[in-house]
Amino acid sequence: MNLRYDLHCHSTASDGALTPSELVKRAKAKNVTALALTDHDTLKGQQEAKIAAENNQINYISGIELSTTWERKCFHIVGLNFDLEAVALSSGIEKLQIQRKQRAERISALLEKKGISGAYQFVTEQAGEGMITRSHFADFLFQHQHVKSRQDAFDKYLGAGKSAFVNTIWADLHDAVGWIQAAGGVAVVAHPLRYKLTASWMRRFLAAFKESGGQAIEVVTGRSSVEDIRVSMNYAKKFELTASLGSDFHVPDQWVELGRLAPLPENIQPVWELF
Ligand code: AMP
Ligand code: MN
Ligand code: MN
Ligand code: MN
């Protein structure tokens, strides 16, 4: 039987709106039959998602989306199908979690300087035990009418180089790929076209990723055009990476839906053949 995969999405353990159980129910309703929850820098939602998936006859694949830095640029690396008990990964992410908290404090302080108070209390309450992300700050700025839209929040305050941007050196790319590998998983370049790299930067990045032990790249995401898929597939082939697909779903009834994905091109090896 052909499974319908979605290997990239978020829950309340990071910046998603649904709890892991709610997310699995929505996946079921959208006919997803194989799911990985990939929250930012945390494994917190994994057990709940796994149990809910089992109860809904969905194949569960463990997942995470790691914040990494390579050549001073930020890249998201998805880890899939690793051992949830592996210490390499769970201890590796501890520093990222501290960095996220410290960054949230610094973003809040920068907003305070701009005369915008209350951010830290809002984002910590919203995130609860989950990771605080810039999405939480965007929600704060939007809900408190400091900006006209969430995108506006990134354009005015949170985006790279803007007034409340805090440049963070995340996990080293090589280390992060190593944690995933040590946990028996597959490292995947998330949304490769979102970094706005020139072709030569992309080739250097993919060479470094591959050398670190990376094995896959997202060829189909929730926002991919036909042309995007073609470009990503060509990178996959050139660097002998398998192809992953995932919606990067965060919030219901916004732009991208869980499981709403173009099929992977047929002439490329899917990442799940490595599972
Ligand atoms: P971060 O906390 O820096 O990892 O950012 C978390 C989330 O912010 C990402 O998962 C995106 O969903 C969102 N995000 C990042 N950049 C932008 C942007 N320029 N516009 C809108 N959303 C963004
Ligand atoms: Mn996110
Ligand atoms: Mn991402
Ligand atoms: Mn994501």
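Residues numbered from 1 in each chain as written. Chains lettered and ligands numbered in written order. Predicted model: local features only at pLDDT ≥ 70, side-chain atom pairs only at ≥ 80, totals over all residues. Heavy atoms only, no water.

Caption draft 1: Just the pattern of salt bridges, in detail. Per the stated rule, a full pass over the model turns up 11 salt bridges. Residues joined by salt bridges that share partners form a network here, namely Arg26, Lys30, Asp253 and Glu257. (Salt bridge = Lys/Arg side-chain N within 4 Å of Asp/Glu carboxyl O.)

Caption draft 2: Quick peek at the packing of helix H5 (residues 134-143) against helix H6 (residues 150-158). Put simply, H5 and H6 touch, their axes get as near as 9 Å, and they point 105° apart. Of the possible angle classes, the one that applies to H5 and H6 is roughly perpendicular. Taken together, the residues of H6 that come into contact with H5 (itself represented by Arg134, Ser135, Phe137, Ala138, Asp139, Leu141, Phe142 and Gln143) are Arg150, Ala153, Phe154, Tyr157 and Leu158. Looking at the contact of H5 with H6 residue by residue, the class counts come to eight nonpolar, two polar and three charged. (Axes fitted to C-alpha atoms, helices over the stretch in contact; angles between N-to-C directions. Helix = DSSP H or I, 4+ residues; strand = E, 2+ residues; numbered from the N terminus. Parallel < 35°, antiparallel > 145°, perpendicular 65-115°, else oblique. Contact = heavy atoms within 4.5 Å. Nonpolar A, V, L, I, M, F, W, Y, C, P; charged D, E, K, R; others polar.)

Caption draft 3: Summary view of the nonpolar core. The biggest cluster of nonpolar side chains holds 55 residues, and the ones touching the most others in it are Leu66, Leu89, Phe205, Leu206 and Val219. Ignoring anything within four residues of it in the chain, the contact list for Val219 reads Ser224, Ile229, Ser232, Met233, Ala236, Ala243, Ser244, Leu264 and Pro265. (Core = buried A, V, L, I, M, F, W, Y, C linked by side-chain atoms within 4.5 Å. Buried < 20%, exposed > 50% of the residue type's maximum accessible area, 1.4 Å probe, protein only.)

Caption draft 4: Region of interest: unusual backbone geometry. One non-glycine residue, Asn31, lies in positive phi territory at about 65°. Considering the arrangement of structural elements, one finds Asn31 in the loop between helix H1 (20-29) and strand E2 (34-35). Of note in the backbone geometry, Glu240 takes a positive phi value of approximately 50° without being a glycine. Note on placement: Glu240 falls in the loop between helix H9 (226-238) and strand E9 (242-246).

Caption draft 5: A look at the coordination of the manganese ion (ligand 3). Around the manganese ion (ligand 3), the donor atoms from the protein are Glu65 (OE), His76 (ND1) and His191 (NE2), and they sit 2.1 to 2.2 Å away. For the manganese ion (ligand 3), the single-chain donor residues occur in sequence as E-x10-H-x114-H. Here the manganese ion (ligand 3) and the manganese ion (ligand 2) are spaced 5.7 Å apart. Of this pair, Glu65 sits in strand E4 (residues 63-70) while His191 sits in the loop between strand E7 (186-189) and helix H8 (199-212), placing them 126 residues apart in sequence. We note that Glu65, like His191, is buried. (Donors = N, O, S within 2.8 Å, 3.2 Å for Na, K, Ca; no water.)

Caption draft 6: Main features of the environment of Leu197. Here Leu197 shows up in the loop between E7 and H8. For the pair formed by Leu197 and Gly79, sequence separation is 118 residues and the distance between their alpha carbons is 22 Å.

Caption draft 7: Quick look at the sheet that holds strand E5 (residues 73-80). With mixed pairing, the six strands of this open sheet are ordered in space as E6-E4-E5-E7-E8-E9. Of all the strands in the sheet, the pair left with one neighbour each is strand E6 (171-172) and E9. Two strands pair when backbone bridges link them, and E5 and E7 are joined in this way by four bridges, in the antiparallel orientation. The partner of Ile77 across the bridge, within E7, is Val189. Here H8 sits on the sheet in contact with E4, E5, E7 and strand E8 (216-221), set at roughly 175° to E7. (Pairing = 2+ DSSP bridges.)

Caption draft 8: Just the site of ligand 1, in detail. Surrounding ligand 1, one finds Asp15, His40, Arg100, Arg103, Thr133, Arg134, Ser135, Gln151, Phe154 and His250. For ligand 1, an oxygen atom lies 3.0 Å from a polar atom in the side chain of His40. One nitrogen or oxygen atom from the side chain of Gln151 is found 3.0 Å from a nitrogen atom belonging to ligand 1. Against a free-state accessible area of 490 Å², the protein chains account for coverage of 73% of ligand 1. Of all the elements in the fold, those that place two or more residues in the shell around ligand 1 are helix H3 (87-113), H5 and H6. Within the shell around ligand 1, the residues separate by chemical class into one nonpolar, five polar and four charged. (Near = heavy atom within 4 Å. Polar contact = N/O pair within 3.5 Å; in protein donor to acceptor, adjacent residues only side chain to side chain. Areas by Shrake-Rupley, 256 points an atom, 1.4 Å probe, with all protein chains shown as cover.)

That's the geometry; what it means functionally is another story.
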